[in-house]
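Topology and contacts: notes
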Amino acid sequence: TGLAVGMGVGQVLLVLLAAWAVMPAKDPLLNICMDAKHHKTKPGPEGKLHDQCAPWKDNACCTANTSSEAHKDQSNLYNFNWNHCGVMPPKCKRHFIQDTCLYECSPNLGPWIDQADSSWRRERILHVPLCKEDCEEWWEDCKDYLTCKDNWHKGWNWATGTNRCPWGSMCRPFSDVFPRPKDLCEKIWSNSYKYTTERRGSGRCIQMWFDPAQGNPNVVVAKYYAWKKRSSPASKGNVTLETDKAVCALPWSVLVLLPLALVMLPEGARGCGSHGWGSL
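Criteria and cut-off values
- Residues numbered from 1 in each chain as written.
- Predicted model: local features only at pLDDT ≥ 70, side-chain atom pairs only at ≥ 80, totals over all residues.
- Heavy atoms only, no water.
- Helix = DSSP H or I, 4+ residues; strand = E, 2+ residues; numbered from the N terminus.
- Expected span 1.5 Å × (residues − 1).
- Buried < 20%, exposed > 50% of the residue type's maximum accessible area, 1.4 Å probe, protein only.
- pLDDT = per-residue confidence, 0-100.
- Contact = heavy atoms within 4.5 Å.
- Disulfide = S-S within 2.5 Å.

1. A look at helix 3 (residues 90–105)
Counted at 1.5 Å a residue, the expected span for helix 3 with its 16 residues is 22 Å, and the 21 Å between its end C-alpha atoms agrees. Here helix 3 lies mainly inside the structure; 13 of its 16 residues are buried.

Structure (structure tokens):
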């Protein structure tokens, strides 16, 4: 009976240990702001977000001033002029405003944050899976507008302090410069977005457009891709490292009891080799 009691105590202690070890730490890919020009250091409520940026007001990486600037033709955010090939129609411009709101305000882009090699930001987004409807409606509403470039991140003539078409370039319809919705979404911001066939509400694609009364659908999407990223072979080493960190962070009382739990268990039931616990 002494052995049985010992096993029981040992198993209870190991269960407690396991519970501590799997307690979720803050996921570094979720609910974060990228390190860029106008972003806050961490997301939080912003009650006064302007117009199209308002869906993010409960938890935003942008300030009210940034959201207001996002709606201007000649914004102070980046001195970027939408009207470089004539006046951009409102039905087209609203997509670029929404795109700016998503970029500046969303705390759900962590799985796609990448290092940036520019003077004005240390991080950017890369290959964010955009919902099919968001991309196709953007293209449909802009296909008749004119532009002179397929990559709006670079290559402009900035001699006047704002973007103008480079010498020798011609203004052409969007549908010529971007023959398909995929071309628009992937090329215009240097692969910040990736065109997908996933639909809004699927939990597998980021929505630029959503009804905040129904909650922010991108929270679930970010969680899915954060999990997927952690589950990839490249991240397996990091998972082991995080587990080791979790054990090292266990309360002193649990660490003290751990050797006792291991001693009370029969040899075959201990399960952990010397590599995991040798230093305890």
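2. Things to note about the confidence of the model for the chain
On average, residues of the chain carry a pLDDT of 77, and 71% of them reach 70 or more. Note that pLDDT drops below 50 for residues 19–23; the model gives that stretch five contacts with residues more than four away or on any other chain. This model gives residues 236–250 a pLDDT under 50, and the stretch forms 10 contacts once residues within four places in sequence are excluded.

3. Observations concerning the state of the cysteines
All told, the structure shown has eight disulfides when counted by the stated rule. Here Cys-85 connects covalently by a disulfide to Cys-171, the sulfurs 2.0 Å from one another. Negative torsions about the S-S bond denote left-handed disulfides, and the value of about -80° found for Cys-85 with Cys-171 makes this one left-handed. On the criterion of sequence distance, the pair formed by Cys-85 in the loop between helix 2 (64–69) and helix 3 and Cys-171 in the loop between strand 4 (146–147) and strand 5 (172–173) is long-range, its members being 86 residues apart. What makes Cys-171 partly exposed here is its relative accessible area of 37%.

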